[in-house]
Amino acid sequence: MLQTEQILQDRYQIQRQLGNNGIRQTWLAKDLQATEEKNSLVVVKLLAFGGAVQWDDLKLFEREGQILKQLNHPFIPKYIDYFCIDDHSLWFGLVQEYIPGESLKEKLVNGERFTENKVRKIAVKILKILTYLHELNPGVLHRDIKPSNLIWGENNQIYLVDFGAVQDKAAKEGATFTVVGTYGYAPMEQFGGRAVPASDLYALGATLIHLLTGLPPADLPQKDLRIQFADRVSLSLSFENWLQKLIEPAPEQRFSHTHQALDALKSGEMVQQKNAIKHLDIKEVINNSGCGLFNKDATVPEEILGWNWGAFLMPWFWMWPNNVWYGLLCFIPQIGLITTIYLGAKGNEWAWKSRRWRSIEQFKQHQRGWAIAGIMIGAPVSIMIWMGVFAMLIDSIF
Ligand SMILES: Nc1ncnc2c1ncn2[C@@H]1O[C@H](COP(=O)(O)OP(=O)(O)O)[C@@H](O)[C@H]1O
Ligand SMILES: [Mg+2]
């Protein structure tokens, strides 16, 4: 068992564990032979051979070292060393440059949320690294893009780490039977051993969805094998369609190369999808919610128009969470009744314009709740008030 301060190979003094997936341990260590203080921190990944750790794991571990050695990119950690220790059991170690920062997973765990703008920028940075990998000769597929393998460096750059699942295209053509990747992020074809460049694009899409929704893609609902995320976030239509294209279940429906994805993202080009028109209507109006009651140019989705029972039956309460301040008029006895009828008729439109709603579905759900409350509580109270008003009218007439 490894302990803090222990020195490996008379050179690497281990300091803090960064990861342990049961097979590999990752440690932050100090390189005692480093010439400059600023280069003295390194990452040592260790694999103890034997037991549950089998030849396939060792093969991947060795490949990780070999590939890392060949890579030269400013946002991929540099290879430093590879060693083997024969001490009761057999240990293999891979040493690489340490990237000071925080992984995107750590950021998510710490509750950080990512806006569309931020996610677009992250996407461009990752796509540039992937372009470098895919365009190498032979090309390299990462096969394990996910938040824990992406580091947000202290210099605000995004780094790609963990080449433990890489596939060197020269080594294998066609199907490979070492299944790698992480459930939720890796596409189906990868689990069938048939990864292609578009497989990394799927994992990128799933990762970006995690950043936007705060939920791991495996926890999001699926429909026809597609991750359902659109109703949880408010995105521009072009970005939503771009993401949808990344996570198409069939690889041939995705962008086939990173530069295609990059061009489409940069130009904000609208990706043609079967149901793009249907989305268009809905999305445009979503962005118009909360635009202000007096905004005449705003579009209000047809689907939400209609009688608002919640507003009609409980005008005194309904107006507060919906930010419809016209509702205050219902407290004035002389015009209270007319206001209430007006709220029933115009309530949906006014509530839509008064508050910012995440989606049409969220709006409808909210109003449905009020309608139920209105029927259960508001209706009996309203009937009593109306009966009172009616009795007063009759009294005053006769
Ligand atoms: N070069 C690095 N610089 C900084 N942190 C790293 C580096 N490599 C890995 N890490 C951190 O250690 C964690 C585990 O390392 P990783 O290579 O992903 O191991 P595993 O193969 O077990 O997933 C990563 O999630 C990341 O937070
Ligand atoms: Mg990892």
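Criteria and thresholds
- Residues numbered from 1 in each chain as written.
- Chains lettered and ligands numbered in written order.
- Predicted model: local features only at pLDDT ≥ 70, side-chain atom pairs only at ≥ 80, totals over all residues.
- Axes fitted to C-alpha atoms, helices over the stretch in contact; angles between N-to-C directions.
- Helix = DSSP H or I, 4+ residues; strand = E, 2+ residues; numbered from the N terminus.
- Parallel < 35°, antiparallel > 145°, perpendicular 65-115°, else oblique.
- Left-handed = near helix turned anticlockwise from the far one by under 90°.
- Contact = placed C-beta atoms within 7 Å.
- Near = placed C-beta within 6 Å.
- Nonpolar A, V, L, I, M, F, W, Y, C, P; charged D, E, K, R; others polar.
- Domains from an automatic or database assignment.
- Buried ≥ 20, exposed ≤ 12 C-beta atoms within 10 Å, placed from the backbone.
- Arc of directions from axis to C-beta.
- Pairing = 2+ DSSP bridges.
- pLDDT = per-residue confidence, 0-100.
- Expected span 1.5 Å × (residues − 1).

A few points about the packing of helix α3 (residues 116-134) against helix α7 (residues 258-267)
Direction vectors running N to C along α3 and α7 enclose 155°, while the axes themselves pass 9 Å from each other. Classified by the interaxial angle, the pair formed by α3 and α7 is roughly antiparallel. Here α3 and α7 pass one another in a crossing that is left-handed. Contacts from Arg120, Ala123, Val124, Leu127, Leu130, Thr131 and His134 of α3 reach α7 at Thr258, His259, Ala261, Leu262 and Leu265.

A look at the site of ligand 1
Ligand 1 sits among 19 residues. The nearest are Leu18, Gly19, Pro77, Ile99 and Asp162. Put simply, the parts of the chain that give the shell around ligand 1 at least two residues each are β2 (12-20), β3 (24-31), β4 (41-49) and β6 (89-97). Tallied by class, residues from the shell around ligand 1 come to seven nonpolar, eight polar and four charged. Taken domain by domain, the makeup of the shell around ligand 1 includes at least three residues from each of domain 1 (7-97) and domain 2 (101-267).

Some points on α7
Those residues of α7 lying buried are Thr258, Ala261 and Leu265. Axial view of α7: buried residues confined to an arc of 65°, hence all on one face. Every exposed residue of α7 that faces more than 90 degrees away from the buried side is listed here: Lys266 and Ser267. Contacts from the buried residues of α7 go to α3, α5 (197-213) and α6 (237-246). Of the residues trailing α7, Gly268 is marked for its positive phi of about 65°.

Quick word on the sheet that holds strand β9 (residues 150-153)
Sheet architecture is open: three strands sit in the order β7-β9-β10, paired in antiparallel fashion. Looking at strand neighbours, the two that pair on one side only are β7 (101-103) and β10 (158-160), the edges of this open sheet. The average undirected angle you get between the axes of adjacent strands in this sheet is 30°. The pairing of β7 with β9 spans three bridges and is antiparallel. If you follow Glu102 over to β9, its bridge partner there is Trp152. α3 rests against β9 and β10 of the sheet, and its axis sits at about 35° to β10.

Details of the domain arrangement of the chain
Interface size is commonly expressed as the accessible surface area that is lost when the partners come together. The assigned domain composition of the chain is domain 1 (7-97), domain 2 (101-267) and domain 3 (302-397). Between the C-alpha centres of domain 1 and domain 3 the distance comes to 66 Å.

As for the sheet that holds strand β1 (residues 7-8)
Read across the open sheet, the six strands follow the order β1-β2-β3-β4-β6-β5; overall the sheet is antiparallel. Each end of this open sheet is capped by a strand with a single partner; those strands are β1 and β5 (79-87). Where β3 lies against β4, seven bridges are found, and the strand directions are antiparallel. Looking at the pairing, Ala29 lines up with Val42 of β4. Helix-sheet contacts for helix α1 (residues 55-70) involve β4, β5 and β6, and the interaxial angle to β6 is about 25°.

Concerning the pairing of β5
The pairing of β5 with β6 spans eight bridges and is antiparallel. Paired with Cys84 across the strands is Phe92, a residue of β6. Counting the residues that bridge the hairpin from β5 to β6 gives one residue, and of these His88 lies at a positive phi of roughly 60°.

Topic: the confidence of the model for the chain
For the chain, per-residue confidence averages 88 on the pLDDT scale, and residues scoring 70 or more make up 92% of the total. β10 holds the highest mean pLDDT among the elements of the chain, 98, whereas helix α8 (residues 276-286) holds the lowest, 47. Contacts for the low-pLDDT stretch residues 280-286, under 50 throughout, to residues beyond four places or in other chains number 12 contacts.

Some thoughts on α3
In an α-helix, one full turn covers 3.6 residues, which means residues spaced three or four apart are oriented alike. For α3, built from 19 residues, the straight-helix expectation of 27 Å at 1.5 Å per residue is met to within 8% by its first-to-last C-alpha distance of 26 Å. Taken together, the buried positions of α3 are Val119, Ala123, Ile126, Leu127, Ile129, Leu130, Leu133 and His134. The arc that holds every buried residue of α3, seen down its axis, measures 165°, which confines them to one face. Those residues of α3 hidden inside the fold are in contact with β8 (140-141), β9, β10, α5 and α7.

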